[in-house]
Amino acid sequence: YFYIVTNARDMTNFGLLRTFVDAPSFELATPVMSYDPNRYIEKVIAFKNFLAIFVREDGLPKIMILHDPSSVIASSASFNTHYISFPDASY
């Protein structure tokens, strides 16, 4: 897959879409996770088995890990994610 960080489709704070490598199409790209207007996506780094998604929530930087993004179904709300925990909030 190609992963796209975009503010199109009324996703002001950016959303994450994916499209097939062999037939890339922005119009047919599907959401990887549901859009949250309270979550600002800064960048995404793709690894073999997970995505590292750098976000801001409540003004604080966080790193969300999305495991096995190739198995995500856009309509599913139960994808396997967790946040990297830090000892203190970064202000």
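These numbers were taken from a predicted model, which means no experiment stands behind them.

Engineer: An account of the packing of aromatic side chains is needed here, citing residue identities and associated values.
Structural biologist: For the structure on display, the rule yields four aromatic pairs. On the basis of an interplanar angle of 55° and a centroid distance of 6.3 Å, the ring pair of Tyr1 and Tyr3 is categorised as tilted. Arranged with centres 5.6 Å apart and planes meeting at 85°, the rings of Phe14 and Tyr40 form a pair that is edge-to-face. Here the residue Phe14 occupies a position in the loop between strand S1 (2–6) and strand S2 (15–19), and Tyr40 occupies one in strand S4 (residues 39–46), the gap between them amounting to 26 residues.

Engineer: Please provide a residue-by-residue account of the pattern of salt bridges, values included.
Structural biologist: In this structure the tally under the stated criterion is four salt bridges. Put simply, Arg39 and Glu57 hold a salt bridge, and the shortest N to O gap is 3.1 Å. With Arg39 in strand S4 and Glu57 in strand S5 (residues 50–57), this residue pair connects regions lying 18 residues apart in the sequence. An identical accessibility class is assigned to Arg39 and Glu57; each is buried. Residues Glu42 and Arg56 are paired through a salt bridge, measuring 2.8 Å at the closest nitrogen-oxygen approach. Note that Glu42 is positioned in strand S4 and Arg56 in strand S5, a separation of 14 residues in sequence.

Engineer: Can you explain the confidence of the model for the chain? Please cite residues and give values.
Structural biologist: Overall, the prediction assigns the chain a mean pLDDT of 85, with 86% of residues at 70 or greater. Below pLDDT 50 for its whole length, residues 73–78 participates in two contacts with residues either more than four positions away or in separate chains.

Engineer: Lay out the sheet that holds strand S6 (residues 60–67) in plain terms, naming residues and giving numbers.
Structural biologist: Across the sheet, four strands lie side by side as S4-S5-S6-S7; this open sheet has antiparallel pairing. The open sheet has two free edges, formed respectively by S4 and strand S7 (81–83), since each of these has just one partner strand. Pairs of neighbouring strands in the sheet enclose a mean axial angle of 25°, with direction left out of account. Of the strand pairs in this sheet, S5 and S6 are connected by eight bridges, and their pairing is antiparallel. Across the sheet, residue Ile53 finds its bridge partner in S6, namely Met64.

Each value, and the rule that gives it
Sequence order as written defines residue numbering, which begins from 1 separately in each chain. Only residues with pLDDT of at least 70 get local features here, since the model is predicted, and only at 80 or more are side-chain atom pairs given and counted; chain-wide, interface and lining totals rely on the full set of residues. Calculated side-chain values reflect all of the structure's heavy atoms, with hydrogen atoms and water omitted. Whether two aromatic rings pair depends on their centres lying within 6.5 Å, for rings of Phe, Tyr and Trp, where Trp uses its six-membered ring; planes under 30 degrees apart make the pair stacked, over 60 edge-to-face, and the rest tilted. Only DSSP runs of H or I with at least four residues qualify as helices, and only runs of E with at least two residues qualify as strands; both kinds are numbered from the N terminus onward. Basic side-chain nitrogens of Lys or Arg form a salt bridge, by our definition, when they fall within 4 Å of a carboxyl oxygen of Asp or Glu. Partly exposed residues are those whose accessible area sits between 20% and 50% of the maximum for their type, while under 20% is buried and over 50% is exposed, using a 1.4 Å probe and protein chains only. pLDDT measures the predictor's confidence residue by residue and takes values from 0 up to 100. Contacts: residue pairs with any heavy atoms within 4.5 Å of one another. Between any two strands, at least two bridges found by DSSP are needed for them to pair. Note on method: axes are straight lines fitted to C-alpha atoms, helices fitted across the in-contact stretch only, with angles between N-to-C directions ranging 0 to 180 degrees.

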